[in-house]
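# Observations on the three-dimensional arrangement
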Amino acid sequence: MAFTVSNFLKCKNNGEKITMLTAYDYSTAKLFNDEKIDAILVGDSLGMVCLGYEDTLKVTMEDMIHHTKAVSRACNHTFVVGDMPFMSYQTSVYDAVVNAGRLVKEGGAQAVKLEGGALYYEHIRAIVNAQIPVMGHIGLTPQSVNVFGGFKVQGKSEDNAKKLIEDAKKLEEAGAFAIVLECIPSQLAKIISESVSIPTIGIGAGVHCDGQILVYQDMLNMYSNFKPKFVKTFSDVGHAIHEGVSSYIKEVKEGIFPGEEHSFSLKEETLKKLY
């Protein structure tokens with residue numbers, strides 16, 4: 001049975017943790033879908049882990065639609081959320097609705113995610129009124145990296161913590177069906193999770209959230225540029241890839257691969273006619 005937007009709330013009400021990972025291509029998304037992960041975020045993190053940018057700010061709508069299309073084709077169980085990139089919604093409510101619609105209509109997403117709190121209340125309401133589910137995102141919002149002065153834990157001061165609690169409540173009021181909490185103290189995440197009736201999805205926000213999400217290249221040790229404190233390596237796929245590629249290079253250089261078992265052959269009588 002497919003995981004739908006209504007399952008998010010059911011999970012919170014039943015005390016069942018929601019599982020999410022990022023994905024950016026068909027083959028990876030199919031693996032996750034086959035494992036019955038609840039949801040995939042086609043994150044603008046693809047700018048860093050797929051496109052090699054130093055942050056997410058250069059990612060375009062065309063990038064997001066392209067990758068969301070690939071992921072959505074792979075998923076018949078998993079719920080697909082498309083990330084709205086920098087400047088695709090900040091400019092106006094109209095732009096927010098149009099670009100959210102593109103991620104659903106062209107990209108095949110079932111919902112969209114956008115960063116920011118109460119400031120984007122009207123944007124979220126308008127997108128929801130256009131019948132597009134919205135996932136919020138507060139705390140460390142990577143599109144605001146220049147304002148924050150880097151990738152830093154948020155909500156450590158009393159004023160900032162109170163603002164995040166209020167932001168979460170405003171996102172729920174605006175119609176968001178879930179909220180990503182990124183890089184905030186676990187105690188604050190617990191307060192926020194208890195303050196709203198919609199589920200919270202944590203990334204670097206501790207165990208008290210209603211679900212968890214990680215960038216899959218991080219949890220499989222496939223992205224070596226930077227490893228956040230909150231990441232756990234669940235399988236060292238990065239090491240396995242290094243070993244596999246190294247062995248491939250060695251065997252090709254030494255003439256070991258391809259072997260007889262990897263090759264095709266002609267019948268002897270056909271071969272004689274070619275000389």
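Residues numbered from 1 in each chain as written. Predicted model: local features only at pLDDT ≥ 70, side-chain atom pairs only at ≥ 80, totals over all residues. Heavy atoms only, no water.

## A look at the overall build of the chain
Each helix and strand in the chain was counted, giving 12 helices and 8 strands. Once the C-alpha set of the chain is aligned to its principal axes, its extents read approximately 85 × 40 × 35 Å. Within the chain, contacts between residues at least 6 apart in sequence are counted, and of these 58% link residues at least 24 apart. Roughly 14500 Å² of accessible area belongs to the chain as shown, and the carbon and sulfur atoms make up 55% of that amount. Of the side-chain charges in the chain, 27 are positive and 33 negative, and the distance between the mean point of each set is 2 Å. (Helix = DSSP H or I, 4+ residues; strand = E, 2+ residues; numbered from the N terminus. Contact = heavy atoms within 4.5 Å. Areas by Shrake-Rupley, 256 points an atom, 1.4 Å probe, with all protein chains shown as cover. Lys, Arg positive; Asp, Glu negative; His and termini not counted. Charge placed at Lys NZ, Arg CZ, Asp CG, Glu CD.)

## Overview of the nonpolar core
Among the nonpolar cores identified, the biggest contains 71 residues, and Phe-8, Met-20, Ile-40, Ile-127 and Leu-181 are the most heavily contacted of them. Per element, the largest residue contribution to this core is 6 residues, and it comes from helix H8 (residues 158-174). Those residues in contact with Leu-181 that lie beyond four places of it in its chain are Ile-138, Ala-189, Ile-192, Ser-193, Thr-200, Ile-201, Gly-202, Ile-203, Ala-205 and Cys-209. (Core = buried A, V, L, I, M, F, W, Y, C linked by side-chain atoms within 4.5 Å. Buried < 20%, exposed > 50% of the residue type's maximum accessible area, 1.4 Å probe, protein only.)

## A word on the pattern of salt bridges
For the coordinates displayed, the defined rule picks out 11 salt bridges. Here Arg-102 and Glu-106 are joined by a salt bridge, their closest N and O atoms 2.8 Å apart. For Arg-102, a relative accessible area of 23% corresponds to the partly exposed category. The class for Glu-106 is partly exposed, based on a relative accessible area of 36%. The partner of Lys-170 in a salt bridge is Glu-173, and the shortest N-O contact between them spans 3.6 Å. (Salt bridge = Lys/Arg side-chain N within 4 Å of Asp/Glu carboxyl O.)

## Quick word on the pairing of strand E6 (residues 178-182)
By the criterion of burial, E6 is predominantly enclosed, with 5 of the 5 residues buried. What you see with E6 is no split at all: Ala-178, Val-180 and Glu-182 on one side and Ile-179 and Leu-181 on the other are buried throughout. Sheet topology note: the strand E5 (residues 134-139)/E6 ladder contains 5 bridges and is parallel. Bridge assignment links Ile-138 to a residue of E6, and that residue is Leu-181. (Pairing = 2+ DSSP bridges.)

## Observations regarding H8
Spanning 17 residues, H8 covers 24 Å between terminal C-alpha atoms, matching the ideal 24 Å at 1.5 Å per step. Along H8, the residues classified as buried are Ala-161, Leu-164, Ile-165, Asp-167, Ala-168, Leu-171 and Ala-174. Downstream of H8 by a residue or two, Gly-175 has a phi angle that is positive, lying close to 115°. (Expected span 1.5 Å × (residues − 1).)

## Describing the sheet that holds strand E8 (residues 211-214)
Read around the closed barrel, the 8 strands follow the order E1-E2-E3-E4-E5-E6-E7-E8; overall the barrel is parallel. If you compare each strand with its neighbour and ignore which way they point, the axes differ by 25° on average. (Axes fitted to C-alpha atoms, helices over the stretch in contact; angles between N-to-C directions.)

## Concerning the packing of aromatic side chains
In this structure the tally under the stated criterion is 8 aromatic pairs. When the centroid spacing of 5.3 Å and the interplanar angle of 70° are considered together, the rings of Phe-8 and Phe-79 count as edge-to-face. Linking Phe-8 in helix H1 (residues 5-14) with Phe-79 in strand E3 (residues 79-83), this pair joins segments that are 71 residues apart in sequence. We note that Phe-8, like Phe-79, is buried. With 5.3 Å between their ring centres and 75° between their planes, Tyr-89 and Tyr-120 make a pair best called edge-to-face. A residue pair is termed long-range when its members are at least 10 positions apart, and Tyr-89 in the loop between E3 and helix H5 (93-105) and Tyr-120 in the loop between strand E4 (111-113) and helix H6 (121-129) qualify at 31 residues. On the basis of relative accessibility, which here comes to 1%, the residue Tyr-89 falls in the buried class. Owing to a relative accessible area of 13%, Tyr-120 belongs among the buried residues under this scheme. Feature note: the residues Phe-3, Phe-8, Phe-79 and Phe-177 constitute an aromatic cluster, connected by ring pairs. (Phe/Tyr/Trp six-rings, centres within 6.5 Å; stacked < 30°, edge-to-face > 60°.)

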